[in-house]
Number of protein chains: 2
Amino acid sequence: MADTRQRLIDGAIETIRERGITGTSARTIAAAAGVNQALVFYHFGSVPELLRQACLAATEARVAPFLARMDQVGSLRELLALGRELHAEERAAGNVTVLAQFLAGAQADPELAAATSAALHLWIDALERTLDRLLAGSPVAELTDTPGLARTVAAAFIGLELFEGVDPEGGQSALDALDRLAVLTEVIDDLGPIALRALRAKLRRSTA
Amino acid sequence: MADTRQRLIDGAIETIRERGITGTSARTIAAAAGVNQALVFYHFGSVPELLRQACLAATEARVAPFLARMDQVGSLRELLALGRELHAEERAAGNVTVLAQFLAGAQADPELAAATSAALHLWIDALERTLDRLLAGSPVAELTDTPGLARTVAAAFIGLELFEGVDPEGGQSALDALDRLAVLTEVIDDLGPIALRALRAKLRRSTA
DNA sequence: GTCTATACAGCGATAGAC
DNA sequence: GTCTATCGCTGTATAGAC
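Quantities reported herein were computed from a predicted structural model and do not represent experimental measurements.

S.K.: Honestly, the domain arrangement of chain A in this entry has me stumped. Any pointers?
M.R.: Where interface size is quoted, it is often the accessible area lost as the parts come together. All names here are of chain A. The domains assigned to chain A are domain 1 (1-45) and domain 2 (62-207). Listed per partner, the contact involves five residues of domain 1 and eight residues of domain 2. A combined buried area of about 550 Å² lies between domain 1 and domain 2, and 69% of that area is made up of carbon and sulfur atoms. Together, I16, R17 and I21 form the three largest contributors to the area buried by domain 1 at its contact with domain 2, with a combined 82%. At the junction of domain 1 and domain 2, the tally comes to zero salt bridges. Linking domain 1 with domain 2 are one residue pair in polar contact (both at pLDDT 80 or more). Tallied by class, the residues present in the side of domain 1 that touches domain 2 amount to three nonpolar, one polar and one charged.

As structure tokens, this is what we get:
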């Protein structure tokens with residue numbers, strides 16, 4: 001059955017979610033999937049290879065339902081609100097730390113790093129498209145590149161997820177601060193010509 | 001000798017740096033420290049307890065030399081520059097992922113989470129003091145709380161470190177984007193009264 | 001394709017010699 | 001305080017029955 005492959009992938013995600021990267025092994029994954037331990041090696045050859053495929057599959061499944069919602073976002077503030085929604089849903093579902101665990105495990109494993117990077121880019125690319133659309137015509141677009149900004153936002157989001165894992169209240173206050181700070185970008189947009197002139201002057205000075 | 005304790009703590013950091021949290025055990029730590037494996041249990045009782053103490057000790061040693069430099073920072077832009085310096089030095093020394101590895105391991109271990117949180121707060125508290133000083137009198141201070149902002153910045157920094165581990169070029173472009181975006185905060189400060197009025201109006205509308 | 005059985009290495013932790 | 005030796009357990013991975 002091709003069903004066993006899927007059960008192992010699901011089991012891998014479930015295990016990494018509930019026991020972290022340190023508690024994930026062929027035995028614990030197989031137990032979660034309800035199949036025999038040897039099947040991990042029959043179907044995937046090794047544990048890291050199973051994790052690699054599970055990382056991509058899981059992220060794809062997570063990103064998909066958010067793509068449509070990102071297209072409907074009309075401002076940076078709304079994007080941040082969607083981010084908080086995403087954050088809340090993922091946390092409730094217990095998925096928050098999955099990608100973060102992969103990220104940590106990937107630091108010492110080049111192959112897992114490549115897979116994690118690819119998975120992250122599913123988020124980053126969507127974010128980049130949204131930022132491009134939102135920032136078109138804004139003075140902010142003139143002083144930053146959206147590819148870099150998208151990576152910053154995605155990385156910061158991951159950092160916040162991890163931080164909340166060790167300090168839930170601190171993570172909450174960080175998100176609140178970001179939310180209030182988002183007003184700032186709206187003000188920039190509203191000021192329009194004045195801000196634009198000031199920004200350009202500033203840029204000339206700082207890059208000279 | 002009390003020296004063995006220190007060697008084990010150093011060995012723990014070295015191991016977690018070079019082999020990640022998944023490759024860290026009493027045996028690998030003892031090998032790095034050049035002492036017998038049983039001494040881990042004699043001196044610390046368990047591996048997690050050694051990691052807990054190593055996490056705090058290592059962070060303290062890292063934070064100390066930066067405290068004076070943070071006091072000399074005069075603007076948000078300079079603070080960001082110091083952040084990039086810190087980033088570069090840590091990366092060159094190979095320390096970048098150490099705290100991140102603790103953070104990931106802590107997601108599934110409450111005791112390690114408490115220690116990691118305490119270690120992170122060594123950074124956060126220093127950051128908070130600096131932000132308080134820099135933002136005094138700025139309109140930005142009116143629409144955000146520095147405690148939350150300090151946590152956001154620290155969390156984002158960690159996220160960037162982890163991200164750079166799986167995608168070095170992407171991490172670089174993210175840092176570049178941040179750098180260019182820092183000009184924005186200076187513009188806000190420069191606009192002074194005008195921006196302040198706009199921000200207040202905006203705040204009234206958005207919180208109503 | 002799935003199972004049992006088994007190999008061998010590495011793990012945390014303890015006992016006891018020195 | 002440090003070492004050797006050892007326990008029992010869990011890890012990856014393979015061989016072979018079904």
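What follows picks up the thread again.
S.K.: What exactly am I supposed to notice about the interface of chain B and chain A here?
M.R.: On the side of chain A, 54 residues touch chain B, which itself brings 55 residues to the contact. Here chain B meets chain A over a buried area of about 4,800 Å², counting both sides, of which 72% is carbon and sulfur. Counting the contacts that link chain B with chain A gives zero salt bridges. Linking chain B to chain A there are eight residue pairs in polar contact (both at pLDDT 80 or more). Of all the elements in the fold, those that place two or more residues in the side of chain B that touches chain A are α6 (98-106), α7 (110-135), α8 (139-143), α9 (146-166), α10 (168-191) and α11 (193-207) of chain B. The leading source of residues in the side of chain B that touches chain A is α10(B), at 14 residues. A class-by-class count of the residues in the side of chain B that touches chain A yields 29 nonpolar, 16 polar and 10 charged.

S.K.: Mind showing me how you'd approach the relation of the copies chain B and chain A here?
M.R.: Copies of the same chain, two in number, are related to each other by a rotation about an axis and a translation along it. With an axial shift of 0.0 Å and an RMSD of 0.1 Å, the rotation relating chain B to chain A amounts to 180°. A rotation of that kind, with that shift, is consistent with a two-fold axis. Interface residue correspondence from chain B to chain A reaches 98%, placing this contact among same-surface, isologous pairings.

S.K.: In this structure, what is going on with helix α9 (residues 146-166) of chain A? I would like to understand it.
M.R.: Given 3.6 residues per turn, any residue in an α-helix points the same way as the ones three and four places further on. Between its terminal C-alpha atoms α9(A) stretches 31 Å, which fits the 30 Å expected from 21 residues at 1.5 Å a residue. The buried count for α9(A) comes to 17 of 21 residues, which makes it a mostly enclosed element.

S.K.: For this particular structure, what's the right way to read the protein's contact with DNA strand C?
M.R.: Close to DNA strand C lie 16 residues, the nearest being A:T4, A:N36, B:S25, B:A26 and B:F41. Backbone atoms, meaning sugar and phosphate, form 58% of the atoms of DNA strand C found within 4 Å of the protein. Contact between DNA strand C and A:H43: a phosphate oxygen at 2.8 Å from a side-chain N or O atom of the residue. In the model, a phosphate oxygen of DNA strand C is placed 2.8 Å from a nitrogen or oxygen of the B:A26 main chain. Counting only elements with at least two residues in the surface near DNA strand C, the list comes to α3 (39-44) of chain A together with α2 (26-33) and α3 (38-44) of chain B. Its residues assigned to classes, the surface near DNA strand C comprises eight nonpolar, seven polar and one charged.

S.K.: Sorry if this is basic, but what is going on with the UniProt feature "domain: HTH tetR-type" (unreviewed entry) in chain A here?
M.R.: Here the UniProt-annotated "domain: HTH tetR-type" (unreviewed entry) positions come out as residues 2-62 of chain A. When the span residues 2-62 of chain A is considered, its composition is 77% helix and 0% strand, and the gap between its end C-alpha atoms is 22 Å.

S.K.: What's the story with the packing of helix α4 (residues 47-71) of chain B against helix α5 (residues 76-93) of chain B in this structure? I'm lost.
M.R.: When two helices pack together, their arrangement is given by the angle between the helix axes and the distance between those axes. All names here are of chain B. Where α4 contacts α5, the axes come no closer than 12 Å and their chain directions differ by 155°. On the basis of the axis angle, α4 is roughly antiparallel to α5. Read as a crossing pair, α4 and α5 show a hand that is right-handed. Each of R62, F66, R69 and M70 in α4 lies in contact with α5, whose residues at this interface are L79, L82, E85, L86, E89 and E90. Its residues placed into classes, the contact of α4 with α5 shows five nonpolar, no polar and five charged.

S.K.: Mind showing me how you'd approach the nonpolar core here?
M.R.: General note: in soluble globular proteins, nonpolar side chains tend to be found buried as a group. Grouped together as the largest cluster of nonpolar side chains are 111 residues, with contacts concentrated most on A:L8, A:L50, A:L51, A:F102, B:L51 and B:F102. Setting aside anything within four residues of it in sequence, one finds A:F102 in contact with A:I13, A:I16, A:L51, A:C55, A:L112 and A:T116.

S.K.: Help me understand the pattern of salt bridges, please; the structure alone is not making it clear to me.
M.R.: One side chain can pair with another of opposite charge once the charged atoms of both are near each other. What the rule picks out here adds up to 14 salt bridges over all chains. Counted as one network, the salt bridges with shared partners bring together A:R69, A:E85 and A:E89.

S.K.: What am I meant to see in the environment of A:G170 here?
M.R.: Following the sequence through the fold, A:G170 ends up in helix α10 (residues 168-191). Residues A:G170 and A:L160, spaced 10 residues apart in sequence, show a C-alpha to C-alpha distance of 9.5 Å. Setting aside residues no more than four positions away along its own chain, A:G170 makes contact with A:F163 and B:R151.

Conventions and cut-offs
Residues numbered from 1 in each chain as written. Chains lettered and ligands numbered in written order. Predicted model: local features only at pLDDT ≥ 70, side-chain atom pairs only at ≥ 80, totals over all residues. Heavy atoms only, no water. Domains from an automatic or database assignment. Contact = heavy atoms within 4.5 Å. Buried area = accessible area lost by both parts, 1.4 Å probe. Salt bridge = Lys/Arg side-chain N within 4 Å of Asp/Glu carboxyl O. Polar contact = N/O pair within 3.5 Å; in protein donor to acceptor, adjacent residues only side chain to side chain. Nonpolar A, V, L, I, M, F, W, Y, C, P; charged D, E, K, R; others polar. Helix = DSSP H or I, 4+ residues; strand = E, 2+ residues; numbered from the N terminus. Least-squares fit on C-alpha atoms with pLDDT ≥ 70 in both. Expected span 1.5 Å × (residues − 1). Buried < 20%, exposed > 50% of the residue type's maximum accessible area, 1.4 Å probe, protein only. Near = heavy atom within 4 Å. UniProt positions renumbered as here; feature names shortened; annotations may be inferred. Axes fitted to C-alpha atoms, helices over the stretch in contact; angles between N-to-C directions. Parallel < 35°, antiparallel > 145°, perpendicular 65-115°, else oblique. Left-handed = near helix turned anticlockwise from the far one by under 90°. Core = buried A, V, L, I, M, F, W, Y, C linked by side-chain atoms within 4.5 Å.

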